Structure formats: C-alpha cells, structure tokens
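# Coordinate analysis (summary)
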Amino acid sequence: MSKEESLNFLEHIIEQDLDSGYNNNDLRFRFPPEPNGYLHIGHASAICLNFGLGEKYNAPVNLRFDDTNPTKEEQEFVDAIKRDIEWLGYVWAEELYASDYFQQLYDWAVEFIREGKAYVDSQTSREIADQKGTPNEPGKESPFRNRPVEESLELFEKMKNGEVGEGEHVLRAKIDMASGNMLMRDPVMYRVLHKHHHRTGTDWKIFPMYDWTHGESDYIEQVSHSFCTLEFLPHRELYDWFLDQVYSEGKMRPKQREFARRNLSHTVVSKRKLARLVEEGVVSGWDDPRMPTISGLRRRGYTPESIRNFADSIGVGKRENLIDVSHLEYNIREDLNKKAKRVMAVLNPVKVLITNYPEGQEELLEAENNPEDEQAGNRTIPFSGELYIEREDFKEEANRKFFRLTLGKEVRLKNAYIIKGEKVVKDNEGNILEIHCTYDPDSRSGSGTEASMRKVKGTLHWVSVKHALPIEVRLYDRLFTDPAPDGHKEKDFMEFINPDSLNTITAFGEPSLDDLEVEDKVQFQRLGYFTVDRDSTDARKVFNRTVPLRDSWAKLADL
RNA sequence: UGGCCCAUGGUGUAACUGGCAACACGUCUGAUUUUGGUUCAGAAGAGUCUAGGUUCGAGCCCUAGUGGGCCAACCA
C-alpha cells in the first residue's frame, strides 16, 4: 500500500503492530453480530470497516455470531445477516458461533473456580446490584464470595445440569469490588437460562455473558484486532483480565480497540425504535424502503457499491458524529449515474397536443440508454401527436429563468422534436386540460438537419399517450424531519416522523419499462433514480424512488 | 459528585516521530450539455473549544477549565 494515503487511527494501530513485530499473516479480524435483529446502516459501516481492513491487509475476516443469549436470538436473523453481508459483497473466512465455544468456556470457568478466580453467588440479581456500589463508592463483597471451592464447583455443576432454576445462582469472577471500573466488580460470567437456543437447543442451561465470551472467542480464533464501538471501552479492562487468565505464551493476544459508531442523520437505528416503526405501522416492515436496515436500503434501490463507498469515504474516528444523509445520497447518485439506464416517465402528467403532427401518425425514435456509458447502446421510443409532459414543465408565462414550455416559446422534447406552445385549453375552474403546440418537423433529434441542431433552452421528457405504460411510483423521502430524531431528551422520536415520507402515485412510463425486472435500476430522466419493487405484478409495475436527481432549479423555483 | 473517552470549516474525516490546516460532501460562480443531471474550471467557508505553559516554532506535548459522551443489565 502506498504511504501517501492517509490512514485512519485503526490502521495506524495495525501499522504500528506490524512495525513492532506482528507478521502480516498474524492479522485476523472479525465481525461479531448478535443474531437478534436485522442489520442496519450502522452495522454496514462496521462490516465495511472490518472487511475493508481484511481486504487492505489481505487478512481473513471471520463472521462470528455472538449468540450467548437464547432469549433474543433466532435462526431467522442468522440467515438474514448472512444474506446482507453477502449482498454487500464480502466473503468471510469462517462462519463461527460463540456457542461453538460453550464447552471450552465452561472448562475454563471450572478452572477459574478451582483457582479461586470465580465463585457461585446465590443472591438475587437485585442483591447483587445493590452491592455493586456506585462509580463513587466501592461495592460490598458478596457473602458467597469466599464460599468453598468444592461448594462452588458443585453448584456450578448443578447449574449446568439444569438442576437449579433461572436466577437462583450465577457464576461470578472474583476480581475487585472496589475497582473504579464497575465492570471489574466481580462481573457475572454465567447465568442460568432454561431457554431453547437456536443452535445448541436444550443442551445448555447456563449461558456465558458477553464479557466472558467475547475476548475468549477472539482468543480461540486468534483474532489479532477486535474492533468495536466506543461504548465498550470500559469493557477493555475486563476483556484483558479474562484474557490474562487463559493466555499462553506464543499465541496471538487479541487487542480490543474502540471506534465511534457512525450515526446517520434523519433516521434512528436502535432495534427497539425500528421495531416501534414497524409495530405502529409507520412503515410496512423491516425492509420498508424508508428503513435504515440493509434490506430496506436494498429495496430502496441502493447498491452495495454505494454503501461501501459511503462507509469508506466517511472514515472512522473516536468522536461523536452525525453524518448527513446527503453523503449517502451522493454515493448512490455517483454509482447509479454510471450504471442506470436512462428512461422517460411522467409523474404528474398534463396532455400536449401537437396540432400540426399528422393525424394518427406514429414513429419510433432512437434514444441513448446512458450518455455516461457507451456500451449501454440505444433503444427506441414511440412518438405521436399526443403526449404527456410534467405539469411543472409548463407555465403560460414565465420569466427568462424558466427553461421550459411556455406559450410562444420553443423547447426540445428529449430525443424528439422542438415544439412551440401555442395555446392552452382549460376547464371551467381554470385547470389546464391540454396544451396545444406545433412542432418543427425538421428538428428530429439525430436527423442531422440544420433544424435538428438548433439550440433551444430547455429539454423536456415526455411519454406518448397512446403508448404510455401506467406504473405505480412510490416517492420516498426521509423518514424524519429532524436530523437527530432520538437526540431530544424531552421529546419522543416519533414526534419527528415526516408525514410525507411516502407519496404513492400513478405515473406513465415509456413502454420499455415493461421489460424491467425486480431490483433493476433506472434513471427517470430529469427526475431521479428508481428501482423496480418486488410488489410489481404483470399488470402493473411498481417503482421506488431511490433518490431524486440533484436539482439546482428547485431552489430558484421556490423564490 | 468519581473514573474514563472526545473536542479541527455547515457535515464527516486528514495533517507520519511538533514546521505556518488538506480531502470529500454541502454551498456559491462560470463553462459545457438534447437530463436545470453529468463533466470541467473556480470561489467562499475553520486558524484547530477556552486560558495558561513548554518550544525558535503547537491542531499535535503539559496543566487547568468549558462542553459533549460513556460507566452502577443474570443484554450485547
């Protein structure tokens, strides 16, 4: 890798380790989700971080499910997580489960008891919590702290065999009830849970806690760098303590390092809050295109590349952050600009009659599929004397800044002819029913005539009425009106729901849209990028708006 | 109240062992354009939370303060 590029602080750590004796072959990372929900954009950046490091250093990255709490975990989530990571385009070295290590962890724990490093506590969780003290005052030692080793051993065995009920006993590490770090005050290592585990079934009645599991799992897998979010920083001392007890010379000693979770504006990401959106029907499900879940983003039309580029471009740090969605939107536009086929669709139609176009005539006009990609080729679009254009593209009279159709002025119909507004037909209420225009027969795009080369300010997209394909279009906008909906202490995040986050309309598209398949992505010219939703039927296609095009006119038009 | 972490343009990051603040997004000009898109050229915008200190020299080091975050689940 070039020394020119700047490294983020995690890469600096790795580089330092490499300089101080680590072998490149020693490097190994992991992404350790708990299978208790769907992955979201926050996970995506952690995935890109770990797997990105794996690609950069040519090191293996394991996918390890942190499945130590059977009350919350399900196989369904394991499958969904794997699917999402694969979709992002990453390949894990090994698929592993913390539950694979239950026996090893148990054996170590028994060893701990024998060595007086752990004991069975028979108090209630309440009592234990009360004795914990506060960050200011030291905790009190449990009356069971010095119970005989044999007794702890026996009770632990009973816990394991399911002979004791949930909550009756726990195994605690004997560390320091006066530690300034609350996590070091004799943390619970095991609790009894008579629950079905998605992988171990009913084999185990005791389940190891996160702290006891995570570092040891890293150690078993010989992970070199265990990157996690900042809230785990206080856990590091315990992570290291547990590691010290089992570490043997010559092995890789995993290193936990923490980075700031990256927050995206105008959304929420906590599982509880996302669940509320689903339960209260604000969205249609976990993969609603407005959801920040990976499945939601996928359905919205985001590409894996755009998400990866986004994650790379925002970097990592250790400070609180709120990344504006515009960064994400930039990345999807940039990707789709190169890839998406251009097509025409009219969302808010008004009829245009070309009065001097021969009655009943139709023709097929040639159109470029993507000006950014020569390989994309051309297609044909049917043209006739009766068209739809966007209602916003016409004004009876307008100032010089309005580069669109007005009476007496010419505009180009994309890939077709130059037309001139002649008159407007209205109903009794003054609503525009149709606009009469004349066209310049010599001005056909690509015909090479002098008239076809004429420069007119303004080009409109259109669809021939007779050939128009009715489609359903779902116009999505950000789900929340506030950049940090859950950042207000006094207010519930639900108060910031954007009432206009979804606008479903019927629109008209050019006939070629009928050939598209689910998840195909196109640019509706002058409007935005759209993708075919799985709700599409043979009778009617459904398009989700991924993101509108940048629109420098919108700002002026508002004035 | 104790401990720990953090603090650089509107946003996110960068600045290798101290050498006069960079990149991306966003914003604004202009050019090009059969997408008010794209592309291209350019501009504005921070003197690095504050106050001291060390140093020839500090965003980088030290001290204190201020502000924000984290920590007292048999969750991860």
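Rules of the game
Residues numbered from 1 in each chain as written. Chains lettered and ligands numbered in written order. Predicted model: local features only at pLDDT ≥ 70, side-chain atom pairs only at ≥ 80, totals over all residues. Heavy atoms only, no water. Helix = DSSP H or I, 4+ residues; strand = E, 2+ residues; numbered from the N terminus. Rg over C-alpha atoms; globule rule 2.2 N^0.38 Å. Buried < 20%, exposed > 50% of the residue type's maximum accessible area, 1.4 Å probe, protein only. Contact = heavy atoms within 4.5 Å. Areas by Shrake-Rupley, 256 points an atom, 1.4 Å probe, with all protein chains shown as cover. Lys, Arg positive; Asp, Glu negative; His and termini not counted. Charge placed at Lys NZ, Arg CZ, Asp CG, Glu CD. Near = heavy atom within 4 Å. Polar contact = N/O pair within 3.5 Å; in protein donor to acceptor, adjacent residues only side chain to side chain. Nonpolar A, V, L, I, M, F, W, Y, C, P; charged D, E, K, R; others polar. Pairing = 2+ DSSP bridges. Axes fitted to C-alpha atoms, helices over the stretch in contact; angles between N-to-C directions. Domains from an automatic or database assignment. Parallel < 35°, antiparallel > 145°, perpendicular 65-115°, else oblique. Left-handed = near helix turned anticlockwise from the far one by under 90°. Core = buried A, V, L, I, M, F, W, Y, C linked by side-chain atoms within 4.5 Å. Phe/Tyr/Trp six-rings, centres within 6.5 Å; stacked < 30°, edge-to-face > 60°. Lys NZ or Arg CZ within 6 Å of the ring centre and 35° of its normal. Salt bridge = Lys/Arg side-chain N within 4 Å of Asp/Glu carboxyl O.

### Overview of the overall build of chain A
A tally of regular secondary structure across chain A gives 14 helices and 25 strands. Against the globule reference of 24 Å for 559 residues, chain A gives a C-alpha radius of gyration of 31 Å, more extended than a compact globule. Taking the principal axes of its C-alpha atoms as reference, chain A extends roughly 100 × 55 × 45 Å. Within chain A, the proportion of its 559 residues that are buried is 52%. Excluding contacts between residues fewer than 6 apart, the proportion of contacts in chain A whose partners are at least 24 apart in sequence is 71%. As displayed, chain A offers around 26,400 Å² of accessible surface, 45% of which is attributable to carbon and sulfur atoms. Between the mean site of the 77 positive side-chain charges and the mean site of the 100 negative ones, chain A shows a separation of 4 Å.

### Quick word on the protein's contact with RNA strand B
The full set close to RNA strand B counts 67 residues, and Asn136, Arg319, Arg342, Ser445 and Gln523 are the nearest of them. Among all atoms of RNA strand B positioned within 4 Å of the protein, those belonging to sugar or phosphate total 61%. Contacts to RNA strand B include Leu322, whose backbone N or O atom sits 3.1 Å from a phosphate oxygen. With respect to RNA strand B, the side chain of Ser552 contributes an N or O atom lying 3.0 Å from a phosphate oxygen. Looking at the surface near RNA strand B, the elements that each hand over two or more residues are α1 (9–19), β6 (188–192), α12 (325–339) and α14 (552–558). Here the surface near RNA strand B takes four residues from α12, the largest share from any one element. Counted by class, the surface near RNA strand B contains 21 nonpolar, 24 polar and 22 charged residues.

### Section: the sheet that holds strand β2 (residues 61–65)
The strand order β1-β2-β3 describes an open sheet built from three strands, whose pairing is parallel. Whereas interior strands pair on both sides, the edge strands pair on one side only; in this sheet they are β1 (29–31) and β3 (95–97). Averaged over all adjacent pairs, the angle separating strand axes in this sheet is 35°, with direction ignored. In this sheet, β3 lies alongside β2 in parallel orientation, the contact comprising three bridges. If you follow Phe65 over to β3, its bridge partner there is Tyr97. Against the sheet, helix α7 (residues 210–221) makes contact with β1, β2 and β3, and its axis sits at roughly 140° relative to β2, the strand it touches most.

### Observations concerning the side chain of Asp17
Structurally, Asp17 can be placed in helix α1. At a separation of 2.6 Å, a polar atom in the side chain of Asp17 contacts the side chain of Lys255. Not counting residues within four places of it along the chain, the set of residues in contact with Asp17 comprises Tyr22, His225 and Lys255.

### Examining the domain arrangement of chain A
Structurally, chain A comprises domain 1 (22–259), domain 2 (271–341 + 471–558) and domain 3 (345–461). Between the C-alpha centres of domain 1 and domain 3 there is a distance of 65 Å.

### Some words on the sheet that holds strand β20 (residues 463–464)
Strand order in the open sheet formed by seven strands is β19-β16-β17-β18-β12-β15-β20, and the pairing between neighbours is mixed. The two strands at the open ends of the sheet, each matched to only one other strand, are β19 (459–460) and β20. In the sheet, strand β16 (residues 410–413) pairs with β19 via two bridges, with the strands oriented parallel. Among the inter-strand pairings, Arg412 is bridged to a residue of β19, identified as Thr459.

### Some points on helix α8 (residues 236–246)
Taken together, the buried positions of α8 are Leu238, Tyr239, Trp241, Phe242, Leu243 and Val246. On its buried face, α8 is in contact with α4 (102–114), β5 (170–173), β6, α7, β8 (225–229) and β9 (255–259).

### A look at the packing of α4 against α7
Running from amino to carboxyl end, α4 crosses α7 at an angle of 115°, the nearest separation of the two axes being 11 Å. In terms of orientation, α4 lies roughly perpendicular with respect to α7. For the element pair α4 and α7, the recorded crossing hand is right-handed. Of α7, the residues touching α4 (which contributes Gln104, Leu105, Trp108, Ala109 and Phe112) are Trp212, Thr213, Glu216, Tyr219 and Ile220. Split into classes, the residues belonging to the contact of α4 with α7 amount to seven nonpolar, two polar and one charged.

### Observations regarding the nonpolar core
The biggest cluster of nonpolar side chains holds 49 residues, and the ones touching the most others in it are Ile47 and Ile85. Secondary structure elements with two or more residues in this core: α1, β1, α2 (41–56), β2, α3 (75–88), α10 (294–300), α11 (304–314) and α12. No other element matches α2, which puts eight residues into this core. Counting residues domain by domain, this core receives three or more from each of domain 1 (22–259) and domain 2 (271–341 + 471–558). Counting residues in each nonpolar core, the second largest holds 36 residues, with Ala118, Trp204, Tyr219 and Phe242 among its members.

### Section: the packing of α11 against α12
The geometry of α11 relative to α12 is characterised by a closest axis approach of 8 Å and an angle of 135° between their N-to-C directions. Considered as vectors, α11 and α12 are oriented oblique to each other. For α11 against α12, the interelement crossing comes out right-handed. The residues of α12 that touch α11, namely those facing Glu305, Ser306, Asn309, Phe310 and Ser313, are His327, Leu328, Asn331, Ile332, Glu334, Asp335 and Lys339. Tallied by class, the residues present in the contact of α11 with α12 amount to three nonpolar, five polar and four charged.

### Examining the packing of aromatic side chains
On inspection of all chains with the given rule, the structure shows 28 aromatic pairs. Ring geometry for Tyr38 versus Trp286: centroids 5.4 Å apart, planes at 40°, classification tilted. Within this pair, whereas Tyr38 is found in the loop between β1 and α2, its partner Trp286 is found in the loop between α9 (271–279) and α10, the two being separated by 248 residues in sequence. Its relative accessible area of 17% is what places Tyr38 among the buried residues. Between Phe524 and Phe543 the ring centres are 5.3 Å apart and the planes differ by 55°, which places this aromatic pair in the tilted class. Taken as a pair, Phe524 in strand β23 (residues 521–524) and Phe543 in strand β25 (residues 541–548) lie far apart in primary sequence, 19 residues in all. Comparing Phe524 with Phe543 shows no difference in burial state: the two are buried. Over the ring of Tyr97 we find Arg199, and its NZ or CZ is 3.6 Å from the ring centre. In this arrangement the basic side chain of Lys251 is found over the ring face of Tyr219, its NZ or CZ atom lying 5.6 Å from the centre.

### Some details on the pattern of salt bridges
A side chain with one charge may pair with a side chain of the opposite charge, provided their charged atoms come close. All told, the structure shown has 43 salt bridges when counted by the stated rule. Residue Arg147 pairs with Glu151 through a salt bridge whose shortest N-O separation is 2.9 Å. The shortest N-O distance in the salt bridge between Arg261 and Glu231 comes to 3.1 Å. Placement of the pair is Arg261 in the loop between β9 and α9 and Glu231 in the loop between β8 and α8, with a sequence separation of 30 residues. The class of Arg261 is partly exposed, set by a relative accessible area of 41%. Judged by relative accessible area, Glu231 falls into the partly exposed class, the value being 42%. By sharing partners, the salt bridges in this structure join Asp287, Arg299, Glu472, Arg474, Asp533, Arg534 and Asp535 into a single network.

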